Amino acid sequence: MAEFIAYLIAGIATGAIYALAAIGFTLVWQTSQTINFAQGEFVMLPAVLILLAVKLFGLPLWAGGLIGIAVFLLVFGAGFKLVVVDPMIKHGVLPLAIATMALSIIMKEGAKDGFSAEAQSFPSLVPTDMINILGAAISLQHVAIIVVAFAAIGLLQWFVGGTRLGRQMQATAQNPTVARILGIPVERMVLLTFLLNAALAVVASLLISPIYLAKFSNGETIGLFAFIAAIVGGFNQIRGALVGGLLIGVADSLAAAYVSTQYRMAVPLILLVAIILIKPEGLMGRKEERRV
Amino acid sequence: MSAPALESTAAATRSAARRIDGALITLLIGAAILWFAPTGMGRYGTYVLSLWLVMSIGVMGLNLTLGYAGQSSLAQAGFMGLGAYTTAILTTKWGVSWYAAFGLSGLLTFFVGILLGFPALRVRTHYLAFVTLAFSTLVWLLLRNEQWLTGGAFGIPNIDRPQFFGIKLFGALEFHRFVVAVTLVLSLVLWWLVRSPWGRAFTALRENPVRAASLGVDTRAYTLLAFAIGSAYGGFSGSLFAPLVEFIDPSPFTLSQSLFLLLMVVAGGSGYFFGPFVGALLGVVLPEWLRFAGSLYLIIFATIVLALLIICPQGVSGLIERCWAALGRRFGRKAGGTP
Amino acid sequence: MKSLWVLAAALGATLSLPAQAQDKIKLVDVIELSGAGAAAGTNWKNGAELAVADINAKGGILGKQVELVHYDTQTNPGNTRAAVQRGVDEGAYAILGPIFSGPIGASMQVSQRAEIVQIVGGEAAGFTRQGNPYIFRTSISQAAAMPKIAKYMKDTLKAGSIAVVWVNNDFGKGGRDTILPELEKAGIKVAVDVSTEQGQADFTADAIKVKNANADAVFVYLNEEESARFLRAAKQQGITKPMIGETTLLGAKVLELAGDAANGARGHVGLSTDAPIPALQEFGKRYREKYGFSSDHNGVKGYMAVFMVKWATEKQKKLDAKGLATTLHGATIKASEEPGILMDTVIEQNGDLDRESFLAEVVNGKQVINTTLPRVKP
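Residues numbered from 1 in each chain as written. Chains lettered and ligands numbered in written order. Predicted model: local features only at pLDDT ≥ 70, side-chain atom pairs only at ≥ 80, totals over all residues. Heavy atoms only, no water.

1. Quick notes on the overall build of chain C
For clarity, the cut-off: Counting from the N terminus, the helices are DSSP H or I runs at least four residues long and the strands are E runs at least two residues long. Exposure classes here rest on a 1.4 Å probe applied to the protein chains alone. A residue is buried below 20% of its type maximum, exposed above 50%, and partly exposed in between. Note on contacts: a residue pair qualifies if any of its non-hydrogen atoms lie within 4.5 Å across the two residues. Values of accessible area rely on a 1.4 Å probe in the Shrake-Rupley scheme; residue burial ignores everything except the protein chains shown. Working convention for charge: Lys and Arg count positive, Asp and Glu count negative, and His plus the chain ends are omitted. Charge positions come from single atoms, namely NZ of Lys, CZ of Arg, CG of Asp or CD of Glu.
Each helix and strand counted, chain C has 13 helices and 15 strands in total. Across the 378 residues in chain C, those meeting the buried criterion constitute 65%. Sequence-distant contacts, at least 24 apart, represent 65% of the contacts inside chain C between residues at least 6 apart. Surface exposure of chain C reaches about 12,500 Å², of which carbon and sulfur atoms provide 51%. Both charge centroids of chain C, one from 42 positive and one from 41 negative side chains, sit 2 Å from each other.

Here it is in structure tokens:
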């Protein structure tokens, strides 16, 4: 039993990481009905940019951090929206999704050539001490990730449902034409969503990189698992990311423990297929009316 | 109002028919050029041309699924893997002739496509993408883990190239010509398929699924068939890939390769008959050509693709069509003198 | 459609390559610069670059300057084959790389057909057993290294049971398949056999599994970054059993990334810039100065590969690409004759290498070499 709890807690800790990365999928989906295949790279890059700023200008970490974060928000929040999303959004989902694939190659290769092909350690914002929960060891870093994932999703839910700005954003997401008639500044709302997405990626990057190290190829795994988590949880609900992330994390951990380490990756995927066959919109998702 | 509309529809049909005949002629001329192209190119150039054609076959299949039936498959590289491993295992371990292995690869991937597509399409069309996402990773895991059959991470070496009526096709040029012939045959089949009543049903499906359904087209059956045939083309492509490289391991058949094939379809122009050839040209030949740029070549490649999609989301074929139409309008204006 | 052909012709034309002038010796480095092997490949590339710079600064080989070009394999067999074919068509004198056995397997027939030597960085046992006379290694193979580790576990550690953690790619699987029979011969039980993924980020579940197996020692056979992540996870789960590994567990990169979690790790090291050999340490220093980070064993391999070509060419006293293979087979390259080889190296008839290796331990974040092991066939 103690063993099971250890695996469970490890799974929840990993799942929170996937959840944090998966929020971005749901945000982008809600505003632009598209899939950002560069989401994993969005989580990889801020840490690399920070280390790069520190290395290039010889700055202390906090200053490099500010520069790295500012550059990232500018380029991959506002710039991403203006340069990639805006011209393409009216041409349907697929070309935009493919464009984000090309973007992910640019980000990956850029991080590799501009910074390093090797993993680099990244300083932790929280203490790295271990604590014991029900006999299972868990690091404070992981606890922080779990707390931040819950808090971020709670805050976003409250923001979208409980504030004027959030409701305007929601209206924009659901029907831009009507929103525009109602006098909502649609453009600004969409921009806000993409900035929010980039900011969340920064938070995820700062929390994940100390554990997973900063490396150009890290986005691949994180992106894939976050994507699966978003599908399982439901693409059109922010809290779906949390449910999906935790479920996938736990499934992965238990699969490694009790199924087969060689096939551990199969278990979350089989879970994915089973869930979407029973509930196609995901566990938390609501049905969408599809316009023809 | 209705008469000119009818007329323009008829004109569109006529021009479509012309365009398709143009497609046939281009295919034949293209094959002839590619037959002789490698002279003076060296083995490297020949190999890259062959690789381009082999990938084109896989992309063609995906184009049928995506461009004609409107379904995203994230497992085309997985199907290529199934085909490549089927061929490699049958020819190296059991001494089956390549032709039989080629046919079996196509059959296997066709039926796997049916099995996979049936439940997915029953739920909602959108979710085939997610089922194939899971499938492509599962195939990769099987290829890597079942070492007794697939050679696991070490792959299968020394895959023989086929013979053609006793002529050994071991040399780069001979095998290239063989690839040209097979590609031509497969393209002709697809050309015929797209023109046939079936194919028109596919097109109707893409243009307006609701209308197609109301006209009595069994949407689900046609979509399923398009996906299965598209997957079989993936299998055919893999079946040629194995003897071309003479070695396979699981790495060319990952999920990210499937996504890359999808990128080729869209960048080439999804739904255009020649889109896959352009797309594979971009995906296979362009990076090779950019090698002169040194370590930045992949960034340059991806930037070109990104810029292309931003400028013209319909891909290269769409861009060409747009230019063509613009030219046509200008000429039309000059000739007719009316705006 | 017309434009398609124009495009095709334009791209096609650039694929035909001009013949090379003979005033330079052209080495083509076909190496993993993107994809899963990028970190290893970058080290190798830098090592080879450093070697060529050194040689050219001293007047080249037989008075000719050396030209080195790098072609990325994307860690993909199909692309590797294209790249090696390109090198051959461009008139390469020898092919250097790649490192991963998939890309090696896909490209070695090409260099064999062209009768050009290919000096690779792979450690998996298989490819030197296929009778290809043009393939050469730059490090001892797993078949040579694993018996040394098993012996160490049995004689020095006196371990009765071992947990085996390996990365499920050609490198890790090759090592695991080689050590299991050795462990059985030594009478050591395998308590748990944990496969992990290449590029895996989270090792908590694996560490818990290893911990629960309660073996006398843990054999860790992962690539450098994954080794570091595993060591950290193992420390977090409170595993106190000795961590035994190979070059990839004790490398400088692992120590940098894992911090104090690496302390106490020990095992067998084939090539290390910390080895008690001045030439290796000197190489490590110059590499660090030039590239800003420490070289792993792949950097050393890339450096040695170029010097294998140089030594053989000077030995045969002519630029004979085909003769290179014959000259290298069965050769003993002494560091006293060719300092660039860094360590005395014996090349066996099948292209395998035999040379000294080391037993090392990590103490206070530093790799300390305890014992120098002699060659297998002294």
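2. Observations regarding the packing of helix α4 (residues 93-114) of chain A against helix α11 (residues 255-268) of chain B
Stated precisely, the cut-off is as follows: Orientation is described by axes fitted as lines to C-alpha atoms, over the contacting stretch for helices, and by angles from 0 to 180 degrees between their N-to-C directions. Orientation labels follow simple angle bins: below 35 degrees gives roughly parallel, above 145 gives roughly antiparallel, 65 to 115 gives roughly perpendicular, and whatever is left gives oblique. The hand of a helix crossing depends on one turn: near helix anticlockwise from the far one by less than a right angle means left-handed, and clockwise means right-handed. When residues are sorted by character, Ala, Val, Leu, Ile, Met, Phe, Trp, Tyr, Cys and Pro go into the nonpolar class, Asp, Glu, Lys and Arg into the charged class, and all the rest, Gly among them, into the polar class.
Closest axis-to-axis distance for the α4(A)/α11(B) pair is 10 Å, and the angle between their directions is 125°. In terms of orientation, α4(A) and α11(B) fall into the oblique class. Crossing of α4(A) against α11(B): the hand is left-handed. Facing α4(A), whose interface residues are L94(A), P95(A), I98(A), M101(A), A102(A) and I105(A), α11(B) presents L259(B), F260(B), L262(B), L263(B) and V266(B). Its residues assigned to classes, the contact of α4(A) with α11(B) comprises eleven nonpolar, no polar and no charged.

3. A closer look at the domain arrangement of chain C
Residues and elements named next belong to chain C. Put simply, the rule is: For the domains described, the bounds stem from an automatic or database domain assignment. Defined here as a combined quantity, buried area equals the accessible surface (1.4 Å probe) lost by two parts on assembly, summed across both. When a carboxyl oxygen of Asp or Glu lies within 4 Å of a side-chain nitrogen of Lys or Arg, that pair is called a salt bridge. Here a polar contact is taken to be a pair of N or O atoms separated by no more than 3.5 Å, where protein atoms must pair a possible hydrogen donor with a possible acceptor and residues adjacent in sequence count only if both atoms sit in side chains.
Assigned domains of chain C: these are domain 1 (17-140 + 279-347) and domain 2 (142-269 + 357-373). Once you take the C-alpha centre of each, domain 1 and domain 2 turn out to be 29 Å apart. Residue-level contacts link 13 residues of domain 1 with 19 residues of domain 2. Of the roughly 1,200 Å² buried between domain 1 and domain 2 on both sides combined, carbon and sulfur atoms contribute 59%. The largest contributions to the domain 1 side of the interface with domain 2 come from E123, I140 and H297, which together make up 40% of the buried area. The interface formed by domain 1 and domain 2 includes zero salt bridges. For the pair domain 1 and domain 2, the interface holds three residue pairs in polar contact (both at pLDDT 80 or more). Considering only residue class, the side of domain 1 that touches domain 2 consists of seven nonpolar, three polar and three charged.

4. Points about helix α7 (residues 204-213) of chain C
Residues and elements named next belong to chain C. Where burial is concerned, most of α7 is hidden: seven out of the ten residues are buried. Regarding α7, the residues found buried are T204, A205, D206, A207, I208, K209 and V210. Looking one or two places after α7, you find N214, whose phi comes out positive at around 55°.

5. So, the sheet that holds strand β8 (residues 217-221) of chain C
Residues and elements named next belong to chain C. To be explicit about the condition: At least two bridges found by DSSP between two strands is the condition for calling them paired.
Here we have seven strands laid out as an open sheet, ordered β7-β6-β8-β9-β10-β14-β15, and mixed in their pairing. Only two strands of the sheet have a single neighbouring strand rather than two, namely β7 (189-196) and β15 (366-373). Sheet twist, expressed as the mean angle between neighbouring strand axes with direction ignored, is 25°. Direction of pairing for strand β10 (residues 266-269) relative to strand β14 (residues 357-363): antiparallel, over a ladder of four bridges.

6. Side note on the packing of aromatic side chains
Rules: Pairing of aromatic rings covers Phe, Tyr and Trp, the last counted by its six-membered ring, and requires centre-to-centre distances within 6.5 Å; plane angles under 30 degrees mean stacked, over 60 mean edge-to-face, and any other angle means tilted. Charge-over-ring placement is defined geometrically: NZ (Lys) or CZ (Arg) within 6 Å of the ring centre, and within 35 degrees of the ring normal.
The final tally for this structure, using the stated rule, is 40 aromatic pairs over all chains. Between F283(C) and Y287(C), the ring centres sit 5.8 Å apart and the planes meet at 55°, which makes this aromatic pair tilted. Of the two residues, F283(C) and Y287(C) are both situated in helix α11 (residues 278-291); the distance of four residues between them amounts to about one turn of the helix. With respect to class, F283(C) is no different from Y287(C); both count as buried. In this structure an aromatic cluster arises from ring pairing among W98(B), Y99(B), F102(B), F164(B), F165(B), F175(B), F178(B), Y233(B) and F236(B). Across the ring face of F127(C), the terminal group of R137(C) is positioned such that the distance to the ring centre comes to 4.5 Å.

7. Some words on the sheet that holds strand β12 (residues 345-347) of chain C
Taken in spatial order, the three strands make up an open sheet running β11-β12-β13 (chain C), and their pairing is antiparallel. Each edge of the sheet is formed by a strand with only one pairing partner; in this case those strands are β11 (332-333) and β13 (353-354) of chain C.

8. Thoughts on the interface of chain A and chain C
Tallying the contact residues gives 31 residues for chain A and 32 residues for chain C. Carbon and sulfur atoms supply 48% of the area buried between chain A and chain C, which totals about 2,700 Å² over both sides. At the boundary of chain A with chain C, the tally comes to three salt bridges. One salt bridge in this structure joins D206(C) and R264(A), with 3.2 Å as the shortest N-O distance. Remark: the boundary between chain A and chain C carries 16 residue pairs in polar contact (both at pLDDT 80 or more). When residues of the side of chain A that touches chain C are traced back to their parent elements, those giving at least two are α1 (2-32), α4, β2 (136-139), α5 (140-162), α8 (186-212), α9 (218-233) and α10 (238-259) of chain A. Among the elements that line the side of chain A that touches chain C, the one with the most residues is α1(A), at five residues. Class assignment of the residues belonging to the side of chain A that touches chain C gives a composition of 14 nonpolar, eleven polar and six charged.

9. Side note on the interface of chain C and chain B
Interfaces are often sized by the accessible area lost when the parts come together. Opposite the 42 residues of chain C that make contact, chain B presents 45 residues. Of the roughly 3,900 Å² buried at the junction of chain C and chain B (both faces included), carbon and sulfur atoms supply 63%. Remark: the boundary between chain C and chain B carries three salt bridges. Between E246(B) and R113(C) there is a salt bridge; the shortest N-O distance is 2.8 Å. At the junction of chain C and chain B, the tally comes to 15 residue pairs in polar contact (both at pLDDT 80 or more). Of all the secondary structure elements, the ones that give two or more residues to the side of chain C that touches chain B are α1 (2-15), β2 (65-72), α3 (77-89), α4 (101-113) and α6 (170-185) of chain C. By residue class, the composition of the side of chain C that touches chain B is 14 nonpolar, 19 polar and nine charged.

10. Notes on the pairing of β7(C)
All names here are of chain C. What counts here: Consider the strands pointing away from the viewer: the crossover is right-handed when the path from the first strand over the helix to the second runs clockwise.
With seven bridges connecting them, strand β6 (residues 161-167) and β7 associate as parallel partners. Residue pairing across strands places W166 opposite S195, the latter belonging to β7. As for the winding sense of the linkage, the β-α-β connection from β6 through α6 to β7 is right-handed.

11. Overview of the environment of T86(B)
All names here are of chain B. By the element assignment, T86 lies in helix α3 (residues 76-93). Residue T86 is classed as buried on the basis of its relative accessible area, which comes to 16%. The residues touching T86, leaving out its near neighbours within four places in the chain, are S105 and L108.

12. What to know about the pairing of β15(C)
Residue and element names in this part refer to chain C. With seven bridges joining them, β14 and β15 adopt antiparallel strand pairing. Bridge pairing in β15 links S357 to L373. Hairpin geometry of β14 and β15 is characterised by an intervening segment of two residues between the two adjacent antiparallel strands and by a positive phi of about 50° at N364.

13. Describing unusual backbone geometry
Residues G97(C) and P98(C) are joined by a peptide bond in cis, for which omega reads -5°. Position of P98(C) relative to the elements: it lies in the loop between β3 (94-96) and α4. Within the chain, F165(B) stands out as a residue other than glycine whose phi angle is a positive 45°. Of the residues examined, F165(B) reaches a relative accessible area of 78% and is grouped as exposed.

14. Some points on the packing of α9(A) against α10(A)
Residue and element names in this part refer to chain A. Contact geometry for α9 and α10: axes closest at 7 Å, N-to-C directions at 120°. In terms of orientation, α9 lies oblique with respect to α10. Between α9 and α10 lies a crossing of right-handed hand. Two secondary-structure elements touch here, α9 through F225, I228, A229, V232 and G233 and α10 through G240, G244, G245, L247, I248 and D252. Looking at the contact of α9 with α10 residue by residue, the class counts come to six nonpolar, four polar and one charged.

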